[in-house]
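Commentary on secondary and tertiary structure
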Amino acid sequence: LSSPRRVPVAILTTDDFDAVTRVAPDTVEFAGATHVGFVFVDVNGDGRDDVLLDFRARDMVDLDEGSTEATLTGETLAADPFEGQDEVRVIP
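What you see is a predicted model, and the numbers here were worked out from it, not measured in a lab.

Thresholds applied
- Per chain, the residues get numbers from 1 upward, laid out in the order the sequence is written.
- Note on the predicted model: pLDDT of at least 70 is required for a residue's local features to be given, and 80 or more for side-chain atom pairs to be given and counted; whole-chain, interface and lining totals, by contrast, use all residues.
- Excluded from the side-chain calculations are hydrogens and water; all other atoms, namely the structure's heavy atoms, are used.
- For the purposes of this entry, the term helix denotes a DSSP run of H or I that reaches at least four residues, the term strand denotes a run of E that reaches at least two, and both are numbered from the N terminus.
- It is over C-alpha atoms that the radius of gyration is taken, and the globule rule equals 2.2 Å times the number of residues to the power 0.38.
- Burial classification: accessible surface area is computed with a 1.4 Å probe over protein chains only, and a residue below 20% of its type maximum counts as buried, one above 50% as exposed, and the rest as partly exposed.
- With residues, only the protein chains shown are counted as cover, and all accessible areas are computed by Shrake-Rupley using a 1.4 Å probe.
- All tallies of charge rest on Lys and Arg as positive and Asp and Glu as negative; His and the ends of each chain are not included.
- To locate a charge, take NZ of a lysine, CZ of an arginine, CG of an aspartate or CD of a glutamate.
- Should DSSP find at least two bridges between two strands, the strands are regarded as paired.
- Every angle, taken between N-to-C directions, lies between 0 and 180 degrees, and every axis is a line fitted to C-alpha atoms, over only the stretch in contact when it is a helix.
- Here a pair means two rings of Phe, Tyr or Trp (six-membered ring of Trp) with centres within 6.5 Å. Their orientation is stacked below 30 degrees between planes, edge-to-face above 60, and tilted elsewhere.
- Any residue with relative accessible area above 30% and no salt bridge may belong to a patch, with like charges joined within 9 Å and the nonpolar Val, Leu, Ile, Met, Phe, Trp and Tyr side chains within 5 Å.
- Here a salt bridge means any side-chain nitrogen of Lys or Arg lying within 4 Å of a carboxyl oxygen belonging to Asp or Glu.
- In this analysis, two residues are considered to be in contact whenever any of their non-hydrogen atoms come within 4.5 Å of each other.
- Residues belong to one nonpolar core when they are buried, are Ala, Val, Leu, Ile, Met, Phe, Trp, Tyr or Cys, and are joined through side-chain atoms within 4.5 Å.
- Per-residue confidence from the predictor is given as pLDDT, running between 0 and 100.

Considering the overall build of the protein
Counting its regular elements, the protein contains one helix and seven strands. Listing each helix as α and each strand as β along the protein from the N terminus yields β-α-β-β-β-β-β-β. In terms of overall dimensions, the protein is globule-like: its C-alpha atoms have a radius of gyration of 13 Å, near the 12 Å expected for 92 residues. Projected onto its principal axes, the C-alpha positions of the protein cover 35 × 30 × 20 Å. Taking all 92 residues of the protein together, 27% fall into the buried category. Accessible area for the protein stands at about 5,800 Å²; split by element, carbon and sulfur atoms hold 47% of it. Of the side-chain charges in the protein, 7 are positive and 20 negative, and the distance between the mean point of each set is 9 Å.

This is the structure we're talking about:
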């Protein structure tokens with residue numbers, strides 16, 4: 001968690017949600033950290049671009065060595081809030 005390494009986090013496009021045209025990247029936070037860059041790229045090989053954001057591990061203030069879940073928050077371009085959680089494994 002003290003590492004300056006970047007951790008990639010993806011918001012995937014689905015049949016019901018186009019991440020590229022709906023997500024406002026500058027509003028997205030992961031585990032309490034703001035991103036340090038993003039790109040639109042097909043992360044999961046389904047032929048649709050997703051939003052891939054980079055976060056610094058040392059900025060993830062909501063995590064500690066015992067954390068098993070992290071939260072991503074943000075807004076759409078229409079200012080609708082969204083939130084998602086997933087499992088994480090913190091490596092000491």
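Here we look at the sheet that holds strand β4 (residues 37–41)
An order of β1-β5-β4 is seen for the three strands of this open sheet, with the pairing classed as antiparallel. Looking along the sheet, the strands with just one partner apiece sit at the ends: β1 (6–11) and β4. Strand-to-strand twist in this sheet, taken as the mean axis angle between neighbours without regard to direction, amounts to 25°. Pairing between β4 and strand β5 (residues 50–56): five bridges, direction antiparallel. What sits directly across from F40, in β5, is V51.

What to know about the packing of aromatic side chains
What the rule picks out here adds up to two aromatic pairs. A ring pair is formed by F30 and F55, whose centres lie 5.7 Å apart and whose planes are at 50°; its orientation type is tilted. Pair noted here: F30 is in strand β2 (residues 29–30) and F55 is in strand β5, with a separation of 25 residues, a long-range link. Residue F30 shares its accessibility class with F55, and that shared class is buried.

A few points about a nonpolar patch on the surface
Judged by side-chain polarity, L12, V39, V41 and V43 come together as a nonpolar surface patch covering roughly 280 Å² of accessible area. Tracing the backbone shows L12 in the loop between β1 and α1 (19–22). Looking at L12, the relative accessible area reads 37%, which means it is partly exposed.

Details of the environment of A31
You can see A31 is positioned in the loop between β2 and β3 (33–34). Residues contacting A31, with those up to four places away along its chain left out, are D59, M60, V61, D62, L63, A70 and T71.

Let's talk about the nonpolar core
If you look at the biggest cluster of nonpolar residues, it comprises 15 residues, and the most contacted ones within it are I11, V28, F30, F55 and M60. Elements with a minimum of two residues in this core: β1, β5 and β6 (69–75). Among the elements that line this core, the one with the most residues is β5, at three residues.

Notes on the confidence of the model for the protein
Residues shown with low pLDDT carry predicted positions that ought not to be read at fine detail. Averaged over all residues, the pLDDT of the protein is 95; the fraction at 70 or higher stands at 100%. Strand β7 (residues 81–87) is the least confidently modelled element of the protein, averaging 94 in pLDDT, while β2 averages 98, the highest of any element.

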